[in-house]
Each structure stands twice: as structure tokens, then as C-alpha cells.
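# Fold and contact review
Single-letter residue listing:
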Amino acid sequence: MEPDIYNKLHADGFLSEASFEKIKQKQANHLFSVHWELKTLLYLGVMLLSGGLGVLVYKNIDTIGHQAILAFIALITIGCFWYCGKHKLPFSWGKVKSPNTGFDYILLLGSISLVTFVGYLQYQYNVFGLNYGLATFIPMLALFFIAYYFDHLGILSMAIAALALWMGISITPKALLAYGTFNNKHIILTYVLFGAMLLVAAYLTKRFDIKRHFKFSYHHYGVHVAFIALLAGFFEYYNTGYSLLWLLAVFALALYIYLDGFKEHSFYFVLLSILYGYFASCCLLVKLVATNETREGTFELLLMLFILSAVGLIYLIIHANHKIKADDHI
């Protein structure tokens, strides 16, 4: 209720003077949420603790000894998972809430320690030999199990990154572009496969109602990786007839993401489909017009088309946003 309503009730005699004063004091001292501030501090605390332990180990490696370090990391890992296993709520294929505020962060610390333990073991003692795929495959399976068993979105993201590492690729689109690894056809196809796997996982997650809230994570990474890989394929085969097939795949994926975004009432994915589709359209336009580069006015024509298409892009984004908001109120 608004303060004006309290004033009216007081003026009409429905509220006593004492009650009205209490309400005024309560209204003057609004409560505010510190939920995200606490979560940020807790995540930061886990990261600082993990980093601090790493620095401590690095500076005292000669005096502590590798066995002692491994034992220390193992104790942290076992302690974290013992606590989480003791306090976790019963397993469900639906969403399971955390039993307390610190549960998620203790689980995150245990998962980071587990990955650190396996990595240290391989680095120092080479327990997996030259089979680096196995050294990354085991932590990946462990992280996926932990993410589903304890229902943790953050660890699911770690598991997806571990899957990418196992496949020999990097998860972040920035890294994909920064390292310039797209000049290899095999790597491009690996990216396409990885993106497709994540998109299929997102679909199956919702289709069979298996941790449905995990869909966003799969979808988010899958969309970016798949789009960037397909566009990279277009540039790799730019001077061949196959380039148009890569763009056709981009448009097909953009249409799927666009329709799914409206179905899920997600403006984020609708926006991604529009932007990636627009970039692919610009690539197609440049390729088609470039065949007539000897004609006068080609540059001016391209410039005009880009300006007009940018206006259309803005209109389409605004229209999509309004449509999603209108559907949300139905």
C-alpha cells in the first residue's frame, strides 16, 4: 500500500495516532537487500582463498614438499564434500535450493580444490602419462556429477569449460578470436561439434525436464560457440563455393534461436540471433557486391545498404523487445 492510503485512512479515523506514527517510522526506514553484495563477497572470498593457497604453496614449495601439499589440498577437498554431503537436501531432477548461505561456496571451494588436486598430481607425478585426454576427462565427469548431484549452476559452467578443455578448445568467445586458431579446418569443425553438443544438451534438458534451469547455461555457451564457429567456417572457405553453405547454417541457427527465444520469452537470445544473423547478412552482402567491385559506385552502394540495414536492425530489436514484453503480460 502507498503512503497516501495510510494518510487517508488516518484522516478518516480508521487508523489511530499511535498506529499511524508506527507506520510512518516503518516507511521512513526502508529495508534493502544485500543479497547480491553478500554473494559477491562470498565468491570473492573463495577465489582469494584459492589464490592465496596457490601463492603460499608456490613460495614454500621447497620447504613444504609435494606430498604435504597434495595431502593439504586433499583434506580441503574431502572436508568440503563431507560438509556438503551431510547438509544437502534430497536429490531431485527439479531445482533444489541450497540448505544455507555458505553451502554453495563451500561446494565451489571443494570443486576447485578437486580440479587443483588432479592437475597437481598430473603435473608433478605424471600419473596419467602422456594421456592428457584422460587427465581432463576425469575432472570433467566429476564436475558434471557434482553439478547435477548438488544442483550448482556455477559448477555446471566449470564442467562445460572442462568439456571444452577435453575437446582441446577454449570456452570463451574472446579467446576463440584472440588466439587465432580458426585457420585450421579441423579446429573449426571441433567448435561446431562442441556448440551443437551444448545446444542439444539444452534442448534435452528442457524436453525431458532434467534440471530444466540448467538450460540457460548450455544454451548460452552453445549459441556463442556455434555462431562464431560457423562464421569462421565462412571466412575459411570464403573463396570457394562452400562459403554460402556456412552462411546458410548461420541463418538456420539464427532462426532456431530466434523462435526459441520467443517461446522462452528470452529477449537475450532473441537479441543474439538478430545480431549474429545481421552480421552474417552483412557478410553475404559484401561477398555478393564484391563481385562487382570494378563498377563505379560500389562502395557508395555498400555504405547506403549498411545504413539502411542498421536502421532496420534497430527497428527489429525494438519490435522484438516490445513483443516479448507484451507476451509476458498475457
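The rules behind these values
Residues numbered from 1 in each chain as written. Predicted model: local features only at pLDDT ≥ 70, side-chain atom pairs only at ≥ 80, totals over all residues. Heavy atoms only, no water. Helix = DSSP H or I, 4+ residues; strand = E, 2+ residues; numbered from the N terminus. Contact = heavy atoms within 4.5 Å. Areas by Shrake-Rupley, 256 points an atom, 1.4 Å probe, with all protein chains shown as cover. Salt bridge = Lys/Arg side-chain N within 4 Å of Asp/Glu carboxyl O. Buried < 20%, exposed > 50% of the residue type's maximum accessible area, 1.4 Å probe, protein only. 1 Å grid on protein atoms, 1.4 Å probe; cavity = no way out; pocket = protein on both sides within 12 Å on 5 of 7 lines; lining within 4 Å. Points joined across faces, edges and corners; volume = space filled by probe spheres on them. Nonpolar A, V, L, I, M, F, W, Y, C, P; charged D, E, K, R; others polar. Axes fitted to C-alpha atoms, helices over the stretch in contact; angles between N-to-C directions. Parallel < 35°, antiparallel > 145°, perpendicular 65-115°, else oblique. Left-handed = near helix turned anticlockwise from the far one by under 90°. Expected span 1.5 Å × (residues − 1).

Further remarks concern the overall build of the protein. Helix and strand content of the protein: 14 helices and 0 strands. Reading the protein from its N terminus to its C terminus gives the helix and strand order α-α-α-α-α-α-α-α-α-α-α-α-α-α. Residue pairs in contact within the protein that sit at least 24 positions apart in sequence constitute 65% of those at least 6 positions apart. Accessible surface, the protein as shown: approximately 20200 Å² in total, 69% of it carbon and sulfur.

Within the structure shown, the criterion is met by 5 salt bridges. With a closest N to O distance of 2.0 Å, E264 and K206 form a salt bridge. Here the residue E264 occupies a position in the loop between α12 (243-263) and α13 (267-290), and K206 occupies one in helix α10 (residues 185-207), the gap between them amounting to 58 residues. According to the relative accessible area criterion, K206 is partly exposed, its value standing at 23%. Its salt-bridge partner being R212, residue D209 comes within 3.2 Å of it at the nearest N-O pair.

Okay, empty space enclosed by the protein next. With a probe scaled to a water molecule rolled over the atoms, the places where space remains empty come into view. With the rule as written, the count across this model stands at 1 cavity of 30 Å³ or more. Of the volumes computed, that of the largest cavity is approximately 80 Å³. As for the largest cavity, its lining consists of 14 residues, of which K88, L89, V96, K97 and F150 are closest to the centre. For the lining of the largest cavity, the per-class residue count stands at 8 nonpolar, 2 polar and 4 charged.

You can see V223 is positioned in helix α11 (residues 215-236). Taking C-alpha positions, V223 is 8.4 Å from F269, a pair spaced 46 residues apart along the chain.

Packing of helix α7 (residues 132-150) against helix α8 (residues 153-166) brings their axes to within 8 Å, and their N-to-C directions diverge by 160 degrees. Classed by the angle they form, the pair α7 and α8 counts as roughly antiparallel. The two elements α7 and α8 cross, and the hand of that crossing is left-handed. Along its contact with α7, which presents G133, T136, F137, M140, L143, F144, I146, A147 and Y148, the element α8 presents I155, L156, M158, A159, I160, A162, L163, L165 and W166. Taken together, the residues that form the contact of α7 with α8 break down as 16 nonpolar, 2 polar and no charged.

Here α12 contains 21 residues, and its C-alpha end-to-end distance of 31 Å stays within 8% of the 30 Å for a straight helix at 1.5 Å per residue. Taken together, the buried positions of α12 are S243, W246, L247, V250, L253, A254, I257, D260, G261 and F262. Count one or two residues on from α12 and you reach H265, which has phi positive near 55 degrees.

All quantities given are derived from atomic positions and should not be read as evidence of function.
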